[in-house]
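Inside the fold
Given next are the chains, with one letter for each unit.
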Amino acid sequence: MADDKHEAATGDDVGSAPTFFKEHQAFLTMLDTIIESASMTDTWTQTSGPADEERTIREMCSMLELYQEQPTCLDPYLERIVSRLMAVIEEYVHAYHESSAADISADDIAAQKAGVSAARMNGIFELVYILCKVRGYKVVLRFFPHSVADVEPVFATLWRHTANPGGSGWTARYVMLIWLSLLSMVPFDLESIDSGITNLPPLNPSTSSNVQASSASNGKALVDLWIELGQFYLRRSGCDMEGAAVMLARLLSRKDTSTTLQPAFIAWATHEISDAASGYANSTSGNDPSSKKGMAIGSVVRINGALRVLCHLFLAMDSADPLRGQIGPLLDVLQSDAFEQHSVTRKLATKAAQRLALLVLPPLSVTKRSDARPSARANLGAGANTSYPAESSAPGTIAESIDNLTCVGHDSDLEISEEVETCIGALLQRLHDK
């Protein structure tokens, strides 16, 4: 059967790559079956789905993974697939939130009201995750629901699933994290949609001894709980970390959070890196390389989480104003010797240093941006030809960043060397355009 599916995917190909989603009819038929069976009232309380339904979900995932190298083949059907899956998830999340607000914490009761059980939700969440894996979460997110009414239910459901991981799989938590990254961009002040969520259980502190879990949400604003939840996931390896980094970067780049919460969060991330790396510094004895001991895996995960969110945040920020007074400490931690034993950490530090340097550079003047668009330049008028002075520390910061990137460019890891070349090229191009 696997050979038949592969032939179906590549039968009318150019070369060996599929040119369109040839199994779409069979896939959509199976999708109808899964959604219909998940809404049957006599199966709402089942703790696991039927065996044939689980096989169907696995077969659907296998179909999607055939297009890992040609994901655009799914585009004509992507909106239909994602919207139907997310409609079921949205129904479940709202029912789960309502039951939790009424002090009903059992997953099965929430599933009864939503029309799907926890087991079936895991399968649907897995399908959405596979779509994100194959096509990319940025494309799939376009078809997620993004109503203001979804913000608190999704947040509360993710919080409760985090406090009680047995109720859902990791794919469910990842999908809700990236869903929250979209909902964090709603065009309303977050304080205006904060109804004051109560009865939230404490987050599970066993995952990381450094995370201080809240015993109650009373008196805490929604955005503060949001950041706390994101920080919790930054200390967990896997897709959870990436989803939390994207979510926090978008949340903290909003106009109503960039000036109030963003500087404090960057200070937290800087301290997180330096604190986790301090164990490596304390383990060394003099300058003898043989005396250096590797960092604990927990420290590596903490550093990677903080670096990952800084990479996303620096890319989303409009200016370096929130970084005033923090550029020096940031450059210091990004040059830590603790990164030398871990290639992923070195790559993240390189990318963060490059994006920090680009952020410190003054923005391009309107003249530079509109050279290729004379009509737009004429419409803006002479008064639009405005340049922005660079921060006084910018030249030193750029020179230091390029010098550090040049040193890292000799890394034996080819992937890191290519990343350094890209970073230096972007910096030099920006300096030339400026």
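Before any of the text, the structure's been laid out above.
Note that the structure is predicted; figures quoted are calculated from it, not measured.

Concerning the overall build of the chain
Looking only at helices and strands, one finds 20 helices and zero strands in the chain. Counting all 434 residues of the chain, 48% fall into the buried class. Sequence separation of 24 or more characterises 77% of the internal contacts of the chain that already satisfy a separation of 6 or more. When the accessible surface of the chain is split by element, carbon and sulfur atoms take 51% of a total near 20200 Å².

What to know about the packing of aromatic side chains
For the coordinates displayed, the defined rule picks out 10 aromatic pairs. Residues Phe 144 and Trp 179 carry aromatic rings whose centres are separated by 6.3 Å and whose planes lie at 85° to one another, so their mutual orientation is edge-to-face. Pair noted here: Phe 144 is in the loop between helix 7 (137-140) and helix 8 (151-163) and Trp 179 is in helix 9 (residues 170-183), with a separation of 35 residues, a long-range link. On the basis of relative accessibility, which here comes to 0%, the residue Trp 179 falls in the buried class. The structure contains a cluster of three or more aromatic residues connected by ring pairs, namely Phe 21, Phe 27, Tyr 67 and Tyr 77.

Some remarks on the nonpolar core
Counting 114 residues, the largest nonpolar core has Ile 89, Phe 144, Phe 155, Trp 226 and Leu 323 as the members making the most contacts within it. Setting aside residues up to four positions removed in sequence, Ile 89 forms contacts with Met 121, Ile 124, Phe 125, Val 128 and Trp 179.

As for the environment of Leu 315
Structurally, the position occupied by Leu 315 is in helix 14 (residues 297-316). By relative accessible area, which is 56% here, Leu 315 ends up exposed.

Comments concerning the environment of Ser 147
Topologically, Ser 147 is positioned in the loop between helix 7 and helix 8. Considering only alpha carbons, one finds Ser 147 and Leu 183, 36 residues apart in sequence, at a separation of 7.5 Å. In terms of polar contacts, Ser 147 uses its side chain to reach the backbone amide nitrogen of Ala 149, at 3.2 Å.

Regarding the environment of Lys 351
Relative to the helices and strands, Lys 351 resides in helix 16 (residues 343-360). Residue class for Lys 351 comes out partly exposed when judged on its relative accessible area of 23%. Measuring from C-alpha to C-alpha, the distance between Lys 351 and Leu 334 comes to 9.8 Å, with 17 residues separating the pair along the chain.

As for the side chain of Thr 345
Take Thr 345: it is sitting in helix 16. Given a relative accessible area of 1%, Thr 345 falls into the buried group. If sequence neighbours within four positions are ignored, Thr 345 has contacts with Val 300, Ile 303, Asn 304, Leu 307 and Phe 339.

Digging into the packing of helix 8 against helix 10 (residues 222-234)
For the pair helix 8 and helix 10, the least separation of the axes is 11 Å and the interaxial angle reads 40°. With respect to their mutual orientation, helix 8 and helix 10 come out oblique. The two elements helix 8 and helix 10 cross, and the hand of that crossing is left-handed. Contacts between helix 8 and helix 10 involve Val 151, Glu 152, Phe 155, Leu 158, Trp 159 and Thr 162 on the former and, on the latter, Leu 222, Leu 225, Trp 226, Glu 228, Leu 229, Phe 232 and Tyr 233. Class assignment of the residues belonging to the contact of helix 8 with helix 10 gives a composition of 10 nonpolar, one polar and two charged.

Topic: helix 15 (residues 327-334)
Inspection of helix 15 places Ile 327, Leu 330, Leu 331, Val 333 and Leu 334 among the buried residues, and these make up the whole buried set. Here the buried residues of helix 15 occupy an arc of 165° about the axis, which is enough to place them on one side.

Overview of the packing of helix 10 against helix 11 (residues 239-252)
Two elements in contact, helix 10 and helix 11, have axes separated by 8 Å at closest approach and are oriented at 150°. Comparing their axes, helix 11 and helix 10 come out roughly antiparallel. Where helix 10 crosses over helix 11, the two elements pack in a sense that is left-handed. Taking contact as the criterion, the partners of Val 223, Trp 226, Ile 227, Gly 230, Gln 231, Tyr 233 and Leu 234 in helix 10 are, on helix 11, Asp 240, Met 241, Ala 244, Ala 245, Met 247, Leu 248, Leu 251 and Leu 252. When its residues are assigned to classes, the contact of helix 10 with helix 11 shows 12 nonpolar, two polar and one charged.

Criteria and cut-off values
- Residues numbered from 1 in each chain as written.
- Predicted model: local features only at pLDDT ≥ 70, side-chain atom pairs only at ≥ 80, totals over all residues.
- Heavy atoms only, no water.
- Helix = DSSP H or I, 4+ residues; strand = E, 2+ residues; numbered from the N terminus.
- Buried < 20%, exposed > 50% of the residue type's maximum accessible area, 1.4 Å probe, protein only.
- Contact = heavy atoms within 4.5 Å.
- Areas by Shrake-Rupley, 256 points an atom, 1.4 Å probe, with all protein chains shown as cover.
- Phe/Tyr/Trp six-rings, centres within 6.5 Å; stacked < 30°, edge-to-face > 60°.
- Core = buried A, V, L, I, M, F, W, Y, C linked by side-chain atoms within 4.5 Å.
- Polar contact = N/O pair within 3.5 Å; in protein donor to acceptor, adjacent residues only side chain to side chain.
- Axes fitted to C-alpha atoms, helices over the stretch in contact; angles between N-to-C directions.
- Parallel < 35°, antiparallel > 145°, perpendicular 65-115°, else oblique.
- Left-handed = near helix turned anticlockwise from the far one by under 90°.
- Nonpolar A, V, L, I, M, F, W, Y, C, P; charged D, E, K, R; others polar.
- Arc of directions from axis to C-beta.

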